[in-house]
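So you can see what is in the structure, the chains are spelled out below.
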Amino acid sequence: VVTDCYGSEVTWDVTDPNGNILTQGGPYNDVAGGETHTKDVCLQAGCYDFTINDSYGDGMYGSQWNSCSVDGSYSITDANGNVLGSTIAANADYGNQEVNNFCVISNLTYDIGITQILNPSGPTCSASVTGELELFNYGSQAITSLDLIYDYGAGAQTYTYNGNIAPGTSETVMLPAATLSGGAATLTVTASNPNGNVDQNPSNDSQNQDFYVYDTYTNLPFTEDFESNSFATNDWYLTNGDNDITWEIVSVVGTTPGSNAAKIDFYNYSNGGERDGFQTPPLDLSSQTNIQMTFEHAFRRYDQQSRDSLALLVSTDCGQTFTHIGSYAEDGSGTFATAYTSTVPFVPTAADWCMGSVGANCFTIDLNAFAGIAGVIIRFESVNNGIAGNNLFIDNINITGSQVSAPPTASFTPSATSVCVGQSIQFNNTSTGVVSQSQWDFGDGNSSSNASPSHQYTAAGTYNVTLTASNIAGNDTYSQTVTVNALPTVSATSPYPEVCSVDGSFSLTGTPSG
């Protein structure tokens, strides 16, 4: 590691695929012109992450400042001098952090390893699960066959791979699908018998991946008071990216019913930028309207510089992506805290909750934007600022709605009702009520199930566009015509059949048609 002038800001570590830190370095001294630091590490054949951090947030891009004239850099080399990884960001301007994955090759003939299980990972909303993993050939011999012993939790099975994995390369392999019951599960995979031989380095042969199967959707009302003392009771799924402090259920006072709440220990959690979440199972909102969520919270800042916060996010694709719907932090005016600032670890009393007289009231969240959708996931996510913080508690989460009793009223507005061939029309869905599904017929043999699609006609004519909006109570149809005109043509005539370049000017006569 070659630092810029600000070595005190730089730390780094090397972790294995399970997140275990194998070696680390920094912070270093602040030195004009930078310093070079070298560390020798013995690693088994395998793939690792080199993570370099900068506490100021400007990477090692020292030359951007008048007081420094050098930029930092880093490199990872093996015993033979081969570069396995080096600085990715230009000028080492990687902000707070850069992660560089590198692989160490062995000198063995047969050494096949599983670098990671790609799928399943996290929650899945289908009982049918297909394992996907990455194999890496660390040995010197190309691998054309091997056995993969895999177990989704119902007993070990063997899948034989046939292909060609050259030395120092990887390949993604799909396992046979399995149908699983809902709940927590673990996929375990072991690679063996490369080309019919014994693997000479069994240390990298196995990987396991925890995941969660949701085979049904949960109906409203959804209520959580944490009195079961387990997140598993209501099928909550926890996210803990750094495998460190995360949400837990603890005994507290001040809430009804019971004496338990969810807690994130910001007081002892110093990893800035870390986000830890607990999220609902997929909720069935397809037949619901007037949906809202309420919850109780208790929070106290450590001091006036503390910036820990709570984020609320929603997913409509089984947790693959999330939309941010709200953030809550204390700015000194009672926006989130429910008790006065203190450097003592916060344990709420009955008066320290959002129902009390200090600070923020309890929050009510409007979720009606997701009415008509099945499989909605809501995540409570703590955001660790990294500055000294204090504890946050959540309790009595209630998500309610009203059963849809009437079909929607279909309606739409086109961006234009008369266009030329080849021009697009945007159809804006203005239907009212709860719309679970939209089905469009553009009148030219084409259709769409998007909420507000665009369409381009390829032939002139008058077309009847129909939208059918539906929900569990029924459907409604609305139609409107659009006119598509042929492209106009222009013919031009000249008074002279031939002219010379030195002749004077003359006029052309154009006649449009169409």
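Whatever comes next refers back to the structure up there.
Sequence order as written defines residue numbering, which begins from 1 separately in each chain. For this predicted model, a pLDDT threshold of at least 70 governs which residues receive local features, and a threshold of 80 or more governs which side-chain atom pairs are given and counted, while totals over whole chains, interfaces and linings are taken from all residues. Excluded from the side-chain calculation are hydrogens and water; included are all heavy atoms of the structure.

### Brief notes about the overall build of the protein
Selection rule: Only DSSP runs of H or I covering at least 4 residues are called helices, and only runs of E covering at least 2 are called strands; the numbering of each starts at the N terminus. Within these notes, the globule rule equals 2.2 Å times the number of residues to the 0.38 power, and the radius of gyration is based on C-alpha atoms. Each residue gets one of three labels from its accessible area relative to the maximum for its type: buried under 20%, exposed over 50%, partly exposed in between, using a 1.4 Å probe on protein chains only. Residue contacts are defined here by distance: any two heavy atoms, one from each residue, within 4.5 Å place the two residues in contact. Positive charges come from Lys and Arg, negative ones from Asp and Glu, while His and the chain ends are left out of the count. Every charge is mapped to an atom, namely NZ of Lys, CZ of Arg, CG of Asp or CD of Glu.
Along the backbone of the protein there are zero helices and 36 strands. A compact globule built from 514 residues should have a C-alpha radius of gyration of about 24 Å, whereas the protein, at 31 Å, is more than 25% larger. Taking the principal axes of its C-alpha atoms as reference, the protein extends roughly 85 × 70 × 60 Å. Among the 514 residues that make up the protein, the fraction classed as buried is 42%. Here the analysis covers contacts within the protein between residues at least 6 apart in sequence; of these, 70% occur between residues at least 24 apart. For the protein, the centre of its 7 positive side-chain charges and the centre of its 50 negative side-chain charges are spaced 16 Å apart.

### Points about the state of the cysteines
To keep it simple, the criterion reads: When the sulfur atoms of two cysteines come within 2.5 Å, that pair is taken as a disulfide.
All told, the structure shown has four disulfides when counted by the stated rule. Between the sulfur atoms of C5 and its disulfide partner C68 the distance amounts to 2.1 Å. In this structure the cystine formed by C5 and C68 twists about its S-S bond by roughly 85 degrees; its chirality is therefore right-handed. Here C5, found in the segment before β1 (10–15), pairs with C68, found in the loop between β3 (46–54) and β4 (75–77); they are 63 residues apart in sequence, far enough to count as distant. Its relative accessible area of 6% is what places C68 among the buried residues. Covalently, C47 is tied to C103 through a disulfide, its sulfur atoms 2.0 Å apart. Negative torsions about the S-S bond denote left-handed disulfides, and the value of about 95 degrees found for C47 with C103 makes this one right-handed. On the criterion of sequence distance, the pair formed by C47 in strand β3 and C103 in strand β6 (residues 97–104) is long-range, its members being 56 residues apart. Across the protein, the way the bonded cysteines pair up, counted in sequence order, is 1-3, 2-4, 5-6, 7-8. Cysteine C42 remains unbridged, with the sulfur of C47 as its closest cysteine sulfur at 16 Å.

### Some words on a nonpolar patch on the surface
Formally: Patches here: salt-bridge-free residues with over 30% relative accessible area, like charges joined within 9 Å, nonpolar side chains (Val, Leu, Ile, Met, Phe, Trp, Tyr) joined within 5 Å. Only the protein chains shown count as cover for residues, and the accessible areas themselves come from Shrake-Rupley with a 1.4 Å probe. Here a salt bridge means any side-chain nitrogen of Lys or Arg lying within 4 Å of a carboxyl oxygen belonging to Asp or Glu.
Taken together, the side chains of Y496, V499, F506 and L508 define a hydrophobic patch exposed on the protein surface, amounting to about 400 Å² of accessible area. With respect to the element layout, F506 can be found in the loop between β35 (489–493) and β36 (509–513).

### Quick notes on the sheet that holds strand β32 (residues 454–456)
Under the convention used in this document: Any two strands are treated as partners once DSSP identifies two or more bridges connecting them. Helix axes use the C-alpha atoms of the stretch in contact, all axes being lines fitted to C-alpha atoms, and the angles between their N-to-C directions lie in the range 0 to 180 degrees.
The strand order β27-β29-β32 describes an open sheet built from three strands, whose pairing is antiparallel. The sheet is open, and its two borders are formed by β27 (412–414) and β32, each paired with just one other strand. Geometrically, the sheet is characterised by an average inter-axis angle of 25 degrees between neighbouring strands, direction not taken into account. The pairing of strand β29 (residues 424–429) with β32 spans three bridges and is antiparallel.

### Regarding the environment of I165
Relative to the assigned elements, I165 resides in strand β11 (residues 157–165). The spatial distance from the C-alpha of I165 to the C-alpha of F136 is 7.7 Å, given a sequence separation of 29 residues. Not counting residues up to four positions away in its chain, the partners in contact with I165 are I112, L135, N137, A142, I143, S170 and E171.

### A word on the nonpolar core
Condition: Each nonpolar core is a collection of buried residues, namely Ala, Val, Leu, Ile, Met, Phe, Trp, Tyr and Cys, held together in the definition by side-chain atoms within 4.5 Å.
In this structure, F278, M293, F295, F380, I394, I397 and I399 are the most contacted members of the largest nonpolar core, which totals 39 residues. Contributing elements (two or more residues each) for this core: β18 (260–264), β21 (288–299), β22 (309–315), β24 (363–366), β25 (374–383) and β26 (392–403). By size, the runner-up hydrophobic cluster in this structure holds 24 residues, among which are L135, I165, L187 and V213.

### With respect to the sheet that holds strand β28 (residues 418–420)
Hydrogen bonding along the main chain pairs the strands of a sheet, whether they run parallel or antiparallel. With mixed pairing, the five strands of this open sheet are ordered in space as β28-β34-β33-β30-β31. Two strands lie at the open edges of the sheet, namely β28 and β31 (447–448), each paired on one side alone. Strand direction decides the pairing type here: strand β30 (residues 437–441) and strand β33 (residues 461–471), joined by five bridges, are antiparallel. Across the sheet, Q439 pairs through a bridge with T468, a residue of β33.

### Quick word on the environment of E9
Note that E9 resides in the segment before β1. Look at E9 and you get buried, because its relative accessible area is 15%. As for E9 and D54, which are separated by 45 residues in sequence, their C-alpha atoms are 5.1 Å apart. The contacts of E9, once residues within four sequence positions are left out, are N53, D54, S55, Y56 and D58.

### Considering the packing of aromatic side chains
The test is simple: The criterion for an aromatic pair is that two Phe, Tyr or Trp rings (for Trp, the six-membered ring) have centres within 6.5 Å, with stacked assigned to planes under 30 degrees apart, edge-to-face to planes over 60 apart and tilted to the rest. Distance and angle both matter: a charge sits over a ring if NZ of Lys or CZ of Arg is within 6 Å of the ring centre and within 35 degrees of the ring normal.
Per the counting criterion, the structure on display carries 32 aromatic pairs. Joined through ring pairs, the aromatic side chains of F222, F226, F231, W236, W247, F278, F295, F299, Y328, F336, F363 and F380 make up one cluster. The ring of F322 is capped by R379, whose NZ or CZ atom sits 4.0 Å from the centre of that ring.

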